[in-house]
Amino acid sequence: MATRLVHLVIDSANPLTVATFWAQALGWIPVIEGPDEVVATPAGLPYPATTAWPLVCVTVPEPKTGKNRVHLDLASTSPGDQAAQVERLVGLGATPVDIGQGDVPWVVLADPFGNEFCVLEPRPVYAGTGPIAAIVVDCADPEAMARFWTQAAGWPVTRAEEDMIALRAPSGEGPFIELLRSDDPKQVKNRIHLDVAPFPDGDLTAESARLQAVGAKLADVGQGDEDWIVHSDPDGQEFCVLTPR
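Residues numbered from 1 in each chain as written. Predicted model: local features only at pLDDT ≥ 70, side-chain atom pairs only at ≥ 80, totals over all residues. Heavy atoms only, no water.

(A) Representation of the side chain of Glu207 in the model. By the secondary structure assignment, Glu207 is in helix α4 (residues 204-213). Judged by its relative accessible area of 2%, Glu207 falls in the buried class. Polar contacts involving the side chain of Glu207 include one to the side chain of Arg210, which spans 2.6 Å. (Helix = DSSP H or I, 4+ residues; strand = E, 2+ residues; numbered from the N terminus. Buried < 20%, exposed > 50% of the residue type's maximum accessible area, 1.4 Å probe, protein only. Polar contact = N/O pair within 3.5 Å; in protein donor to acceptor, adjacent residues only side chain to side chain.)

Structure (structure tokens):
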């Protein structure tokens with residue numbers, strides 16, 4: 001039995017605006033799936049994939065409050081490329097933000113609905129990831145989260161530092177998941193979360209039970225009667241287990 005990461009979900013008041021921004025930012029395309037769901041995805045990407053993960057932008061009524069605990073880091077290939085990316089992203093509607101980062105070599109921006117993200121300075125470890133270098137998750141205990149997410153995403157640990165543990169798809173392709181130690185407590189529902197799904201021959205109920213056995217809890221975020229199951233991971237971060245695919 002296994003689940004794998006299939007996409008990221010971004011909550012917003014206007015999914016078309018957010019998906020269009022991210023499609024332009026990443027060189028992807030926006031795909032309208034319905035009145036409340038627009039997906040930013042690489043053109044021609046098979047789904048699910050191992051090289052990139054679509055951004056599924058959905059409508060929620062709640063406004064953003066506080067810094068997100070999940071954000072994207074974008075890769076760059078040179079100092080000039082980093083500067084050009086920042087200029088282009090600001091032109092698309094991003095804004096520089098101060099989250100207390102101080103004097104760092106990366107640039108912190110926010111998308112049109114305030115979702116923070118970083119444009120990194122060139123780092124060899126991110127060569128070949130594509131435009132997204134990493135999905136960064138703030139958490140109290142990266143070690144415990146790594147034990148859980150190796151089970152939930154099916155990704156092994158590839159790098160461990162004092163305050164960060166990185167996971168990557170077994171194929172060695174695409175972005176990393178980086179579990180970053182943070183002393184800030186989780187206070188509200190995440191506006192960006194990961195979704196996982198069983199393989200086509202898997203079973204939703206069985207996989208939900210398996211993940212609960214390794215640290216997940218069922219969660220109620222007002223989802224109602226849906227064909228997916230909402231959970232929280234050992235740090236309280238929401239994620240969904242979808243139907244097999």
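(B) Highlighting the pattern of salt bridges. Throughout the structure, instances matching the rule amount to 11 salt bridges. Here Lys64 ties to Glu116 by a salt bridge, and the two come within 2.9 Å at their closest N and O atoms. With Lys64 in the loop between β4 (55-59) and β5 (70-74) and Glu116 in strand β8 (residues 116-119), this residue pair connects regions lying 52 residues apart in the sequence. With a shortest N-O distance of 2.8 Å, Arg123 and Glu121 are connected by a salt bridge. Taken together, the shared-partner salt bridges in this structure form one network comprising Glu143, Asp163 and Arg181. (Salt bridge = Lys/Arg side-chain N within 4 Å of Asp/Glu carboxyl O.)

(C) Up close: the sheet that holds strand β1 (residues 3-12). Within the open sheet, the 8 strands sit side by side as β2-β3-β4-β1-β13-β16-β15-β14. Their pairing is mixed. Lying at the two open borders of the sheet, with one neighbouring strand each, are β2 (29-34) and β14 (217-218). Both strand β15 (residues 229-232) and strand β16 (residues 238-241) contribute to a ladder of 4 bridges, which runs antiparallel. Bridge pairing links His231 to Phe239 in β16. Helix α1 (residues 15-26) rests against β1, β2, β3 (37-41) and β4 of the sheet, and its axis sits at about 5° to β3. (Pairing = 2+ DSSP bridges. Contact = heavy atoms within 4.5 Å. Axes fitted to C-alpha atoms, helices over the stretch in contact; angles between N-to-C directions.)

(D) Structural detail: the pairing of strand β7 (residues 107-110). With 2 bridges connecting them, strand β6 (residues 95-96) and β7 associate as antiparallel partners. Directly across from Pro96, in β7, lies its bridge partner Leu109. Note that β7 and β8 share 4 bridges and pair antiparallel. Within β8, the position partnered with Ala110 by the bridge is Glu116. The hairpin turn running from β7 into β8, its antiparallel successor, is 5 residues long, and Gly114 in that turn takes a positive phi close to 90°.

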